[in-house]
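# A structural walkthrough
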Amino acid sequence: MGIDAIIDHDRGTSLTSVFPPDNHDKPQTKGYATDCICPRGLILMMMHDFLDRLYATIPVLHRPSFRDALARNRDCEDTVFLGLLIAMCATVVGIMPSKFRRYREHGLAFESRKAFVLHCYSTLSSIRGVDYFDEISFNKFAVSYLMDIALFQAGLYNLSRMAEVECIQLGRLLHLHKVEEYAGLNQIETQLRKKGFWMLFYSFVHAQVQNLRKERLMFLDPLMVENMDPESLMPLDVDDENIFEGHILPRRSDEPCLTTGYIIHSRVFWLAIHSWHGEADDEHSKPCYCEQTRDKSKRVDHLTQRVCDLKYSLDALPAELRPWASQPHRGNEGQQAHDASMRFSQFASMRANLHVTHLWLQSILLDQIDSLLHGEPDRLGEGKPLATLQARWAEREAISSQLLHVLHAISPEHIEPNGLHLAYKVRDVAVGLLSCPFEPHEPAFVRAAEYVRSFTAVLATLDTSEIVSTTNLQTWIDTDRERGRKADVERATGMAMHGWDGD
């Protein structure tokens, strides 16, 4: 029985939880393990939405195996699989407000996405035993990874940080970064772990380019990256349906599959920090990280080369991932037409993610170059030369123009599955325009102001946060430090009351 059939069978059904409150004397109606979250019909709707809308960019599972396990209600006997379902529910609700509204119409009893995600987090914590980490698996990694995403989307940044640390540790223990350690795994697990490596690599690059306080822990270090062969860690360019435990079937056509987009996206992230192995090994393609930290000019050269490599990295995209890809012609409304429409929708979400990330990385690297050459943007007015900044301004304009074209060419329905991560990337590009080095009367300044206004209008739609974003602020409190400050204030107040100034 497929997921659609299961949803139709269970839609609207409310079952008694297998985790009843406190009364164990009364006979309990048999239910599902997921009833601690919501009725099974809603769970299956969320699973359906995850596979259709989020899987393309978050491929943390093998679709045929997952569908089979769900149809067999494996969560009733496997708490790790139960945890995976709960984390998937949290991710769907956290990322997609439109789906949350639909679930509420079908009886989901939560007033906000944040409340639902917190309930999922609390439930996951309660079903973990003290020996939870004595046995590890890719599914446990997937649970932590999905909860990191869901908590971030809900604005629970401190919990998100801890979930990120957990999945980083699990990634290390599973040796996701060491392909030589994959020996003994079946084909499904090998493919999943390669995809898992790149999921953590995305976070690593984010931390590399946007970790101003240096408080985030890293999955990798520069030396590991230097000695790594990214090609060997790339997943096979086939869909899940072609992968079995003991063998892999070749693709039936030359058309790209969802994994194709994932591979291209991964290459873009790699190029943000390093050249692709196999390219000419000049001083730019294999820089020494230690030298870069000591010599600012070498760091600038390296970042400039990264921008150049990124700029032309999407020149040979398949048609489905180009910015101007068009909706297929709708013929008969049969299964074939539905499949074609779904395929277009999944590629459209990947297309938005790929092109926004591609432009965002270039913008962030330009920010780093400007900072190295001229100091922080708010110090540009202190009489420092702006010739190089002006010379590179055309690059910022081109990035802004391309980004606006991408955002207007893809429907909001297909942008939504990328969540707040995409919105914050757009915001970062817009912020870079605020350091415009030209005078208000000059055409470049006028264009920059127009770009900022356009981005503001777009962000009003993209940013679906339920609370004010504090991702770039310190949201945690050091209670020991605060206690010391409070004591200092009380001491100073007491001295003032007694008229003693300390002399």
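Notes on the structure in this doc start here. Given the structure is predicted, the values throughout are model-derived calculations rather than measurements.

With that out of the way, let us pick up the packing of aromatic side chains. For the coordinates displayed, the defined rule picks out 17 aromatic pairs. Aromatic side chains W198 and F201 sit 5.1 Å apart centroid to centroid with 75° between the ring planes, which places their arrangement in the edge-to-face category. Taken together, the residues span about one helical turn, with W198 and F201 both in helix 9 (residues 187-209) at a distance of three residues. One aromatic cluster is present, built from ring pairs that chain together F197, W198, F201, F204, F219, W270 and W276. One Lys or Arg, K140, reaches over the ring of Y132 and ends 4.1 Å from the middle of that ring. For K425, the ring lying beneath its charged end belongs to W360, and the centroid distance is 5.3 Å.

This part takes up the side chain of K425. The topology assignment puts K425 in helix 17 (residues 419-432). Although K425 is buried, it forms no salt bridge, and the closest oppositely charged side chain is D428 at an N-O distance of 8.7 Å. If sequence neighbours within four positions are ignored, K425 has contacts with H206, N353, V356, T357 and W360.

This part covers the nonpolar core. Among the nonpolar cores identified, the biggest contains 134 residues, and F50, F66, F201, L407 and F455 are the most heavily contacted of them. Leave out the neighbours within four places in its chain, and L407 touches V356, I415, L422, V426, F455, V458 and L462.

Tallying each qualifying case throughout the model produces 25 salt bridges. R267 is the salt-bridge partner of E231, the closest N and O atoms lying 3.1 Å from each other. Of this pair, E231 sits in the loop between helix 10 (222-226) and helix 11 (258-271) while R267 sits in helix 11, and the two are 36 residues apart along the sequence. One continuous salt-bridge network, built from bridges that share partners, spans R63, R67, K195, D239, D240 and E241.

For the structure on display, the rule yields zero disulfides. Just so you know, C38 is unpaired, no disulfide at all, and the nearest cysteine sulfur is the one on C89, 5.6 Å from it.

So, about the packing of helix 7 (residues 138-153) against helix 9. Put simply, helix 7 and helix 9 touch, their axes get as near as 11 Å, and they point 30° apart. With respect to helix 9, the element helix 7 is oriented roughly parallel. Judged by the twist between their axes, the crossing of helix 7 over helix 9 is left-handed. Contacts between helix 7 and helix 9 involve F138, F141 and Y145 from the first element and E189, L192, R193, G196, M199 and L200 from the second. When grouped by side-chain class, the residues that make up the contact of helix 7 with helix 9 number six nonpolar, one polar and two charged.

Conventions used here
- Residues numbered from 1 in each chain as written.
- Predicted model: local features only at pLDDT ≥ 70, side-chain atom pairs only at ≥ 80, totals over all residues.
- Heavy atoms only, no water.
- Phe/Tyr/Trp six-rings, centres within 6.5 Å; stacked < 30°, edge-to-face > 60°.
- Helix = DSSP H or I, 4+ residues; strand = E, 2+ residues; numbered from the N terminus.
- Lys NZ or Arg CZ within 6 Å of the ring centre and 35° of its normal.
- Buried < 20%, exposed > 50% of the residue type's maximum accessible area, 1.4 Å probe, protein only.
- Lys, Arg positive; Asp, Glu negative; His and termini not counted.
- Salt bridge = Lys/Arg side-chain N within 4 Å of Asp/Glu carboxyl O.
- Contact = heavy atoms within 4.5 Å.
- Core = buried A, V, L, I, M, F, W, Y, C linked by side-chain atoms within 4.5 Å.
- Disulfide = S-S within 2.5 Å.
- Axes fitted to C-alpha atoms, helices over the stretch in contact; angles between N-to-C directions.
- Parallel < 35°, antiparallel > 145°, perpendicular 65-115°, else oblique.
- Left-handed = near helix turned anticlockwise from the far one by under 90°.
- Nonpolar A, V, L, I, M, F, W, Y, C, P; charged D, E, K, R; others polar.

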